[in-house]
Amino acid sequence: MYRYDEFDHEFVESRVAQFRDQVARRVSGELSEDNFKPIRLQNGVYLQLHAYMLRVAVPYGTLNSQQMRMLAHIARKYDRDYGHFTTRQNIQFNWPKLEDIPDILADLASVEMHAIQTSGNCIRNVTADHFAGASADEIADPRPYAEILRQWSTVHPEFLFLPRKFKIAVIGAGVDRAAMQFHDIGLEVKRNAADELGFGVFIGGGLGRTPMVAKQVRDFVAEADLLSYCEAILRVYNLSGRRDNKYKARIKILVHETGIDELKQQIEAEFERIREGVLKLPDEDVRSIEAYFAAPAFEELPNESAKLEAAQAADPGFARWVGRNVSAHKAPGYAIVTVALKGTGEAPGDATSAQMDVLAGLGEAYSFDELRVSHEQNVILPHVRLDDLKAVYDALLAHGMASANAGLITDIIACPGLDYCALATARSIPVAQEISQRFSDLDRQNEIGELKLKISGCINACGHHHAGHIGILGVEKRGEELYQVTLGGSGDETAAIGEIIGRGFASDEITNAVETLVDTYLARRLSDDETFLEAYRRMGPAPFKEALYPPAPATEAA
Amino acid sequence: MGTLFVDLDQRDDPWISIEGEQPVPDGVDVIVSLDIFQSQREELLARNDGRIGVYLEPLEPVSAIAGDLDRLSVVALNFPSFADGTSFSKARQLRDAHGFEGEVRGVGDVRIDQIGHMQRCGFNAFVVENDATIAALSKGDNPALHLHYQPAADETKTGPGAKRWARRALD
Ligand code: SF4
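Sequence order as written defines residue numbering, which begins from 1 separately in each chain. Just so you know, chain letters begin at A and ligand numbers begin at 1, following the order they were written in. For a predicted model such as this one, the threshold for reporting local features is a pLDDT of at least 70, and the threshold for listing and counting side-chain atom pairs is 80 or more; totals across whole chains, interfaces and linings nevertheless cover every residue. Heavy atoms throughout the structure, all of them, feed into the side-chain values; hydrogens and water do not.

J.: Pulling in residues and values, what's your account of the sheet that holds strand β3 (residues 62-64) of chain A?
T.: Residues and elements named next belong to chain A. Pairing between strands is defined by DSSP: at least two bridges between them are needed. A run of DSSP states H or I qualifies as a helix once it reaches four residues; a run of E qualifies as a strand once it reaches two. Both are numbered from the N-terminal end. The strand order across the open sheet formed by 5 strands is β3-β14-β15-β12-β11, and the pairing between neighbours is antiparallel. Strand pairing shows two members of the sheet lacking a second neighbour, β3 and β11 (326-328), which therefore form its edges. Adjacent strand axes in the sheet meet at a mean angle of 35 degrees when their direction is disregarded. Throughout, an axis means a line fitted to C-alpha atoms (over the contacting stretch in the case of helices), and angles, computed between N-to-C directions, take values from 0 to 180 degrees.

Next comes the structure, spelled out in structure tokens:
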């Protein structure tokens, strides 16, 4: 993985020193909250309902064990012993004291981490496929490009005060595990007819109040032109994006109002002007960044493991976990493990310091010192030998992290909602917990099969509800929490926005409503292989509507 | 009325700003709004007793004056609020796309924490209204980091061992 050089170290350290001074001025009263706010936001510090919140970047979701241990240390020393992994491959600490934040940032800097640009109207932490560098279906590792983008976008002087926040995701396979088409810029690493590396470029995706699937602006941009093309997009957006209404300020609205063809012309004109300039990436520079992400020294192993097979035969719980939480690796004899931070009744994405330490230890012992954070709020051990899967499972089991539910209905994405978030209109964690309890029977979950359920506590959609096969949005109506249901959304390569199915449900009805939807699907699917999403796409909303809102029995005329 | 800093040094402002219906006086250096510039372009460009500058609001594009830049000495770009960063890109257009070598001044809600970013985008003068910023600049304080990950309008400043695209100016 990427290692800081002297420059990176000096940069992050001087940034911490700068912020320490600013916090001191805030604490002494010299800086008003008004003047301090833009400064703290640029350092990832939010003011929540009950306390400050610090959002730490995990660039493209990649961590080593030392970094994971530092997150555990921060949770223990400065917070209430846990952290929350978010849908943007970040981790949030919910209870730090403002005076402690400079020390936390200094601790982070010591392990090459920071909180720069995790908030504010700037280019945010660049995200990537959490299986990057490991997955069997990969064309190229997206992380070197994400790292190049991270460097270019870090305190880019021109783009710190954009009309609105700006999110970039990079994927390296045809399968999209990073919801790339719901980003302001989505990049898909691919090869052209001449076998050269480059990117399919998508712009204007996003969730929130006005959800939109991104539009493809370029089928292929050469590798060398990555930064020039992105800078052209950002410049056009910064010049023309709306600033009169914050709900219309994302680039998706500009795409929608200007039209992709007209906007593409502007982007292409700017790109032509700058493409032969300083941003052109020399091949040797890309290769030198790529070298940081070189595959670890995999052993030459057979593609099967007798040890694994024996363990599966002896332990059905383990076999089930392997079936759900283990994915194909590109190196024979290895596998990718998804650790679902979604135990029955737990808050999705929360991990205690003890759990983080265990994960760090497992990464060190069994995964070449590497861990990943996924946008689905899980932690990944990307490079585990098939022979070691049982040992990893046993350790996870001992620490309550062996839920065999990856991709199933209880692998819920949920935002913090009204329990923490100042913008929330409803709670989301308790809803997730209740659904997770209702469906806790693993046999039933497996019978249902792949089903992505996503919950947001307000229209900002941090819980990606529009992209859920079943999406739940908490709203407030006359002082009551009400939950609106959308169906048919998807965040993969067949990206789609869920459709609202009808009137919302009270908090004590929503779990029943989900159960009704699931039962309707089970009763009507063509076979066990037809997933919920496929069945919905085949049948449309009608049968689900009927089941949720049965017509009142007609009263007979006298 | 703000305080003018050119290259971070405080100066008396020789320029008179003309807006609205006000007639353009002879014999002085004037900065006019885009409206005035467009409606009186011929007379203004024919003047030979005083220099001309144009003031642009965020949504008034650089292209509106691009053809006349060689006759202009100043382009003033407004920041109606520090959070409106449109003018950062316009400064870069002036410098990089049009090669404008006159003064690019930032006016409006110009704050100390942004000065360094503005300089990197091509601004070389600031008309500052914010008291804390005036105080800091007068003392010679500029808290900007001197380490940069990327080239901007200041791309000639190169750090040791720098990659071109990841220019690491250590000035
Ligand atoms: S969706 Fe709303 S409630 Fe949930 S985290 Fe985002 S802003 Fe907060």
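J.: Help me get a handle on the packing of helix α10 (residues 306-314) of chain A against helix α11 (residues 316-325) of chain A, residues and values and all.
T.: Residue and element names in this part refer to chain A. At their nearest, the axes of α10 and α11 sit 5 Å apart, and the two run at 120 degrees to each other. In terms of their interaxial angle, α10 and α11 are classed as oblique. On the side of α10, the interface is formed by Leu308, Ala311, Gln312 and Ala314, while α11 contributes Pro316, Phe318, Ala319 and Val322. Residues of the contact of α10 with α11, tallied by class, amount to 7 nonpolar, 1 polar and no charged. Should an angle fall under 35 degrees it is called roughly parallel, over 145 degrees roughly antiparallel, and 65 to 115 degrees roughly perpendicular, with every other angle called oblique. By the convention used here, residues are in contact when the closest approach between their heavy atoms is within 4.5 Å. Polar here means any residue outside two lists: the nonpolar Ala, Val, Leu, Ile, Met, Phe, Trp, Tyr, Cys and Pro, and the charged Asp, Glu, Lys and Arg; Gly therefore counts as polar.

J.: Report on the sheet that holds strand β2 (residues 9-11) of chain B, specifying residues and quantitative values.
T.: Residues and elements named next belong to chain B. As summarised here, the arrangement of the 8 strands in space is β2-β1-β8-β7-β6-β5-β4-β3, forming an open sheet in which the pairing is mixed. Each having just a single partner strand, β2 and β3 (15-18) make up the two edges of the open sheet. Across the sheet, the mean angle from the axis of one strand to that of its neighbour is 25 degrees, orientation sign disregarded. Two elements, strand β1 (residues 3-6) and β2, share 3 bridges in a ladder whose sense is antiparallel.

J.: Give a description of the interface of chain B and chain A that names residues and reports values.
T.: For an interface, size is often stated in terms of accessible area lost upon the parts coming together. In this assembly, 34 residues from chain B lie in contact with 43 residues from chain A. When two components associate, each loses some accessible surface as probed by a 1.4 Å sphere; the sum of these losses over both components is called the buried area. In total, chain B and chain A occlude about 3300 Å² of area from one another, counting both sides; carbon and sulfur atoms represent 60% of this. Only one rule defines a salt bridge in this text: a Lys or Arg side-chain nitrogen within 4 Å of an Asp or Glu carboxyl oxygen. In this assembly, chain B and chain A are joined by 3 salt bridges. Taking the shortest distance from any N to any O, the salt bridge between A:Glu158 and B:Arg92 comes out at 3.1 Å. Whenever two N or O atoms come within 3.5 Å, that pair is a polar contact, provided that in protein one can donate a hydrogen and the other can accept it, and provided that, for residues adjacent in sequence, both atoms are side-chain atoms. At the boundary of chain B and chain A, one finds 12 residue pairs in polar contact (both at pLDDT 80 or more). Residue assignment for the side of chain B that touches chain A shows that the elements contributing at least two residues are α3 (86-97) and α4 (112-121) of chain B. When residues of the side of chain B that touches chain A are assigned to their parent elements, the largest contribution, 8 residues, is made by α3(B). In terms of residue class, the side of chain B that touches chain A is built from 14 nonpolar, 8 polar and 12 charged.

J.: Explain the domain arrangement of chain A to me, and be specific about the residues and the numbers.
T.: Residue and element names in this part refer to chain A. Boundaries of every domain are those given by an automatic assignment or by a domain database. Taken as a whole, chain A is organised into domain 1 (6-109), domain 2 (142-291), domain 3 (306-398) and domain 4 (413-548). A straight line from the C-alpha centre of domain 1 to that of domain 3 covers 28 Å. With 21 residues of domain 1 at the interface, the matching set in domain 3 holds 23 residues. Carbon and sulfur atoms supply 54% of the area that domain 1 and domain 3 bury against each other, a total of about 1900 Å² over both sides. Two residues, aspartate 357 and arginine 76, come together in a salt bridge whose shortest N-O distance is 2.9 Å. Remark: the boundary between domain 1 and domain 3 carries 14 residue pairs in polar contact (both at pLDDT 80 or more). Elements supplying a minimum of two residues to the side of domain 1 that touches domain 3: β3, α3 (65-78) and β4 (82-85). Here the side of domain 1 that touches domain 3 gets 7 residues from one element, more than from any other, and that element is α3. Residue composition of the side of domain 1 that touches domain 3, grouped by class: 9 nonpolar, 9 polar and 3 charged.

J.: Before we move on, can you summarise the layout of surface pockets with the specific residues and values?
T.: Lining residues are those with an atom within 4 Å of a point, where the points come from a 1 Å grid over the protein atoms alone and group into cavities, where a 1.4 Å probe fits but cannot get out, or pockets, open sets with protein on both sides within 12 Å along at least five of seven lines. Grid points are joined across faces, edges and corners, and a volume is the space filled by probe spheres set on the points. Its volume calculated, the second largest pocket comes out at about 1000 Å³. Lining the second largest pocket are 44 residues, with A:Gln22, B:Ile112, B:Asp113, B:Gln114 and B:Pro143 positioned closest to its centre. Listed by contribution, the elements that provide at least two residues to the lining of the second largest pocket are α1 (6-27) and α2 (33-41) of chain A together with α4 and α5 (131-138) of chain B. The element best represented in the lining of the second largest pocket is α1(A), accounting for 8 residues. A class-by-class count of the residues in the lining of the second largest pocket yields 17 nonpolar, 15 polar and 12 charged. A domain-level breakdown of the lining of the second largest pocket finds at least three residues from each of domain 1 (6-109) and domain 2 (142-291) of chain A.

J.: Pulling in residues and values, what's your account of the packing of aromatic side chains?
T.: Only Phe, Tyr and Trp rings are paired, with Trp represented by its six-membered ring, and only when their centres lie within 6.5 Å; those with planes under 30 degrees apart are stacked, over 60 edge-to-face, the remainder tilted. One pass over the structure, following the stated rule, counts 26 aromatic pairs over all chains. Taken together, the ring pairs connect A:Phe161, B:Phe79, B:Phe82, B:Phe88, B:Phe123 and B:Phe126 into an aromatic cluster. Only Lys NZ and Arg CZ are tested; either one counts as a charge over a ring when it is within 6 Å of the ring centre and within 35 degrees of the ring normal. Of note, A:Arg503 hangs over the ring of A:Phe505, and the distance from its end group to the ring centre comes to 5.7 Å.

J.: Before we move on, can you summarise α2(A) with the specific residues and values?
T.: Restricting attention to buried positions, one finds in α2(A) the residues A:Phe36, A:Pro38, A:Ile39, A:Arg40 and A:Leu41. Considering only its buried residues, α2(A) is in contact with α1, β1 (45-47) and β2 (52-57) of chain A together with α4 of chain B. The buried label goes to any residue with under 20% of its type's maximum accessible area, the exposed label to any with over 50%, and the partly exposed label to all in between, with areas taken from a 1.4 Å probe on protein chains only.

J.: Talk me through the pairing of strand β5 (residues 90-93) of chain A; I want residue IDs and the actual numbers.
T.: All names here are of chain A. Going residue by residue along β5, you find Asn90 and Gln92 tucked away on one face and Ile91 and Phe93 tucked away on the opposite face as well. Pairing of β2 with β5 involves 4 bridges; the strand directions are antiparallel. Note on β5: the bridge partner recorded for arginine 55 is glutamine 92. Of the pairings in the sheet, the one linking β4 to β5 comprises 2 bridges and is antiparallel in character. Bridge pairing in β5 links phenylalanine 85 to isoleucine 91. Linking β4 back to β5 in an antiparallel pair, the connection comprises 4 residues, with glutamine 89 at a positive phi of about 55 degrees.

J.: Please set out the site of the ligand residue by residue, giving values where relevant.
T.: Around the ligand, the neighbouring residues are A:Cys415, A:Pro416, A:Gly417, A:Cys421, A:Leu423, A:Ala424, A:Gly457, A:Cys458, A:Asn460, A:Ala461 and A:Cys462. Considering only residue class, the shell around the ligand consists of 8 nonpolar, 3 polar and no charged. Put simply, a residue is near a molecule or strand once any heavy atom of it comes within 4 Å of that molecule or strand.

J.: Can you explain empty space enclosed by the protein? Please cite residues and give values.
T.: All names here are of chain A. This structure, assessed with the given rule, holds 7 cavities of 30 Å³ or more. Space inside the largest cavity adds up to approximately 170 Å³. For the lining of the largest cavity, the secondary structure elements donating two or more residues are β3 and α5 (143-153). In terms of residues, the lining of the largest cavity owes the most to one element, β3, which gives 3 residues. Of the residues assigned to the lining of the largest cavity, the class counts are 8 nonpolar, 3 polar and 4 charged. As for the second largest cavity, its lining consists of Ala57, Pro59, His114, Ile116, Gln117, Ile123, Arg124, Asn125, Val126, Arg150, Ser153 and Thr154.

J.: Tell me about the packing of α1(A) against helix α4 (residues 101-110) of chain A, and please be specific about residues and values.
T.: The geometry of a pair of packed helices is captured by two quantities: the angle between their axes and the separation between those axes. All names here are of chain A. Closest axis-to-axis distance for the α1/α4 pair is 9 Å, and the angle between their directions is 175 degrees. Here α1 lies roughly antiparallel to α4, going by the angle between them. Where α1 abuts α4, its residues His9, Val12, Val16, Phe19, Arg20 and Val23 lie against Ile101, Pro102, Asp103, Leu105, Ala106 and Ala109.

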